[in-house]
Amino acid sequence: MRRTLNVVRLQLINRQTFVWVPLIILGSAVVISVLIYAMIPVDTPKYGGGGQAPLWYFFAIGLSAMTLTFPFSQAMSVTRREFFTGTMITAILGSAFLGIIFLLGGAIETLTNGYGVNGYVFYLPWLWEAGPLGAFTVYFTLALFLFVLGFTGATIYKSWGPTVLTIVSVGLSLVLIGLAFLATRLELWEQVWRAILDAGALGLALWGLVAVAVLTAISFLAFRRAKP
């Protein structure tokens, strides 16, 4: 466990990656969103998706955690299992940190009537319908999912090269297109949207955690073949 925690410290040596850069991205998104809200001449609540910007950055963090930090860790005689476990713990901590920041942002927006312009970046009703804990779960899951997605892609690249990664990416795209084709031909879109609305943001987040577990298992299996 001590060596695993050392991997966490290794990932967090450069705090810009997990702390300052996400905060800068998030702060910039909030400022830009509020300026846009202030220019909209309506009194009704205004909602935007600028808050998702740092979530997508976690995809890049997942890539760099594998491609940049993994070779360095092997030079320090860290085992693959220790590196993998420590990196996943770091991802969970980073995602939880971002989830807490989003909760604080939502609290500020409710106390200030949307920064005085009735505009909201964090407090989106559909995401908060299950309360603060539900909203935290949504934000936490999104950040963790994108991190693990980036990490898994980088692991496949390090294990089998760009050709296999391209084939996997194209294959997943074809599967998604095939599902959309079936839903269209069988006229199932109404049922699909109804199921999404019935599940709500929290229900989708819980399914997202299932997807995270699947991706983690895939990346762990591929990680054994990864080349520093």
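Residues numbered from 1 in each chain as written. Predicted model: local features only at pLDDT ≥ 70, side-chain atom pairs only at ≥ 80, totals over all residues. Heavy atoms only, no water.

(A) Structural context of the nonpolar core. If you look at the biggest cluster of nonpolar residues, it comprises 44 residues, and the most contacted ones within it are Phe147, Phe151 and Phe223. Going through the elements one at a time, helix H2 (15-39), helix H3 (53-67), helix H5 (80-111), helix H7 (125-128), helix H8 (131-160) and helix H10 (189-223) are the ones with two or more residues in this core. Each residue touching phenylalanine 151, except ones within four places of it in the same chain, is listed here: Gly62, Leu63, Ala65, Met66, Phe83, Phe84, Thr87, Met88, Ser219 and Phe223. (Core = buried A, V, L, I, M, F, W, Y, C linked by side-chain atoms within 4.5 Å. Buried < 20%, exposed > 50% of the residue type's maximum accessible area, 1.4 Å probe, protein only. Helix = DSSP H or I, 4+ residues; strand = E, 2+ residues; numbered from the N terminus. Contact = heavy atoms within 4.5 Å.)

(B) Looking closely at the packing of aromatic side chains. Overall, the coordinates contain 16 aromatic pairs when judged by the stated rule. With centroids separated by 5.3 Å and ring planes inclined at 55°, the aromatic side chains of phenylalanine 70 and phenylalanine 83 adopt a geometry described as tilted. With a gap of 13 residues between them, phenylalanine 70 in helix H4 (residues 69-75) and phenylalanine 83 in helix H5 connect regions that are remote in the sequence. The two residues phenylalanine 70 and phenylalanine 83 agree in class, both being buried. Geometrically, the ring pair formed by phenylalanine 84 and phenylalanine 151 is edge-to-face, given 5.8 Å between the ring centres and 65° between the ring planes. A residue pair is termed long-range when its members are at least 10 positions apart, and phenylalanine 84 in helix H5 and phenylalanine 151 in helix H8 qualify at 67 residues. Grouping aromatic residues by their ring pairs yields a cluster made of Phe18, Phe70, Phe83, Phe84, Phe147, Phe151, Phe220 and Phe223. (Phe/Tyr/Trp six-rings, centres within 6.5 Å; stacked < 30°, edge-to-face > 60°.)

(C) A look at the packing of H3 against H8. Two numbers describe how H3 lies on H8: the axes approach to 7 Å, and their chain directions differ by 35°. Relative to H8, H3 is oriented so that their crossing is right-handed. In this structure, H3 uses Leu55, Trp56, Phe58, Phe59, Ile61, Gly62, Leu63, Ala65, Met66 and Thr67 to contact H8, whose residues at the interface are Tyr139, Leu142, Ala143, Leu146, Phe147, Leu149, Gly150, Phe151, Ala154, Thr155 and Lys158. Classifying every residue of the contact of H3 with H8 gives 16 nonpolar, four polar and one charged. (Axes fitted to C-alpha atoms, helices over the stretch in contact; angles between N-to-C directions. Left-handed = near helix turned anticlockwise from the far one by under 90°. Nonpolar A, V, L, I, M, F, W, Y, C, P; charged D, E, K, R; others polar.)

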